Amino acid sequence: MLELKGLTKVFGKEKVAVNHLDLSIEQGEIFGFIGPNGAGKTTTLRMITGIIAPSEGDVTIGGKSIRTDAIEAKQQFTFVPDQSQIYDAIKGIDYLNFIADMYEVSSAERKDRIERYTKLFQIDDALFQTVNSYSHGMRQKLMICGALLPNPKLFILDEPHVGLDPHSNKILKDLMREHCANGGTVLFSSHVLEVVENLCDRVAIIHKGKLIACDTLDNVKRHSSATLEEIFLEMTKDE
């Protein structure tokens, strides 16, 4: 579903943020992407989504290159960034309808999905208010609802649990599982390693721009009784 080949990003002349990353994510997986602050997670996700261009390498989504077939590639995924940046002078319902229009979601489907997701996240009563009246958590929920609307083949989230209350976190985890059970794929980054450990089929660990582990959680922990947090801290510590 998603393949990274030699993905590299260099800022300036010397700052290598991501260093020749090779990674393949299969359809139906919930895939966790973890690493310390500054490891290259967000930069990688921004290259995957086409927000920034790689210095080297390529990203293919459903066989379409984000560099040469950008429109076809972008039609296959939605993205929830780590910061809930939305045009805040519009109403919540207008934002959702804009997303639905961009992905050509039919009137009947968008009505049902908007109703379902906004009720689950308890923001249905605020849809006709402007976004500038929303709290950070409400904006995060609105962006998640918008990303779910097109029923994307690939659902990408960068630190999605930040700012969500426990109830909404549980709803999001259930929806991620549901999405994959219905044939979709989920890629998300998180610093909440307990969530990664309980939710993911496979996990990749990035450190200083390089991939240092990529496997099922059982295999990552195969020779240790330690938790994922303990293994992560050991693998990413600086000598």
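Remember, it's a predicted structure, so these values are computed and weren't measured experimentally.

A few words on helix 3 (residues 92-102). Every buried residue of helix 3 is listed here: Gly 92, Ile 93, Tyr 95, Leu 96, Ile 99 and Ala 100. Considered in projection along helix 3, the buried side chains sweep an arc of 160° and stay on one side of the axis. Looking at the packing, one finds that the buried side of helix 3 touches helix 4 (107-120) and helix 5 (136-148). A positive backbone phi angle near 55° is found at Glu 104, which sits one or two residues after helix 3.

Within the element layout of this structure, Lys 141 appears in helix 5. As a C-alpha pair, Lys 141 and Tyr 117 span 24 residues in sequence and 9.1 Å in three-dimensional space. Not counting the four nearest positions on each side in its chain, Lys 141 is found in contact with Phe 121, Ile 123, Leu 164, Asp 165 and Ser 168. At 3.4 Å, the side chain of Lys 141 forms a polar contact with the backbone oxygen of Phe 121. Polar side-chain contacts of Lys 141 include one of 3.4 Å to the side chain of Ser 168.

This paragraph deals with the pairing of strand 4 (residues 56-61). Consecutive side chains along a regular strand alternate between the two faces of the sheet. Examined bridge by bridge, strand 1 (residues 2-11) and strand 4 share 5 bridges and lie antiparallel to one another. The partner of Leu 2 across the bridge, within strand 4, is Ile 61. Note that strand 4 and strand 5 (residues 64-65) share 2 bridges and pair antiparallel. Directly across from Ile 61, in strand 5, lies its bridge partner Lys 64. Counted along the chain from strand 4 to the antiparallel partner strand 5, the turn is 2 residues long, and its residue Gly 62 has a positive phi close to 60°.

The next point concerns the sheet that holds strand 9 (residues 202-207). A sheet is described by the order of its strands in space; here 6 strands give the open sequence 6-7-8-3-9-10, paired in mixed fashion. Among the strands making up the open sheet, the edge pair consists of strand 6 (77-80) and strand 10 (210-216). Direction aside, neighbouring strands of the sheet carry axes that sit 15° apart on average. Of the pairings in the sheet, the one linking strand 6 to strand 7 (residues 154-158) comprises 4 bridges and is parallel in character.

The rules behind the values
Residues numbered from 1 in each chain as written. Predicted model: local features only at pLDDT ≥ 70, side-chain atom pairs only at ≥ 80, totals over all residues. Heavy atoms only, no water. Buried < 20%, exposed > 50% of the residue type's maximum accessible area, 1.4 Å probe, protein only. Helix = DSSP H or I, 4+ residues; strand = E, 2+ residues; numbered from the N terminus. Arc of directions from axis to C-beta. Contact = heavy atoms within 4.5 Å. Polar contact = N/O pair within 3.5 Å; in protein donor to acceptor, adjacent residues only side chain to side chain. Pairing = 2+ DSSP bridges. Axes fitted to C-alpha atoms, helices over the stretch in contact; angles between N-to-C directions.

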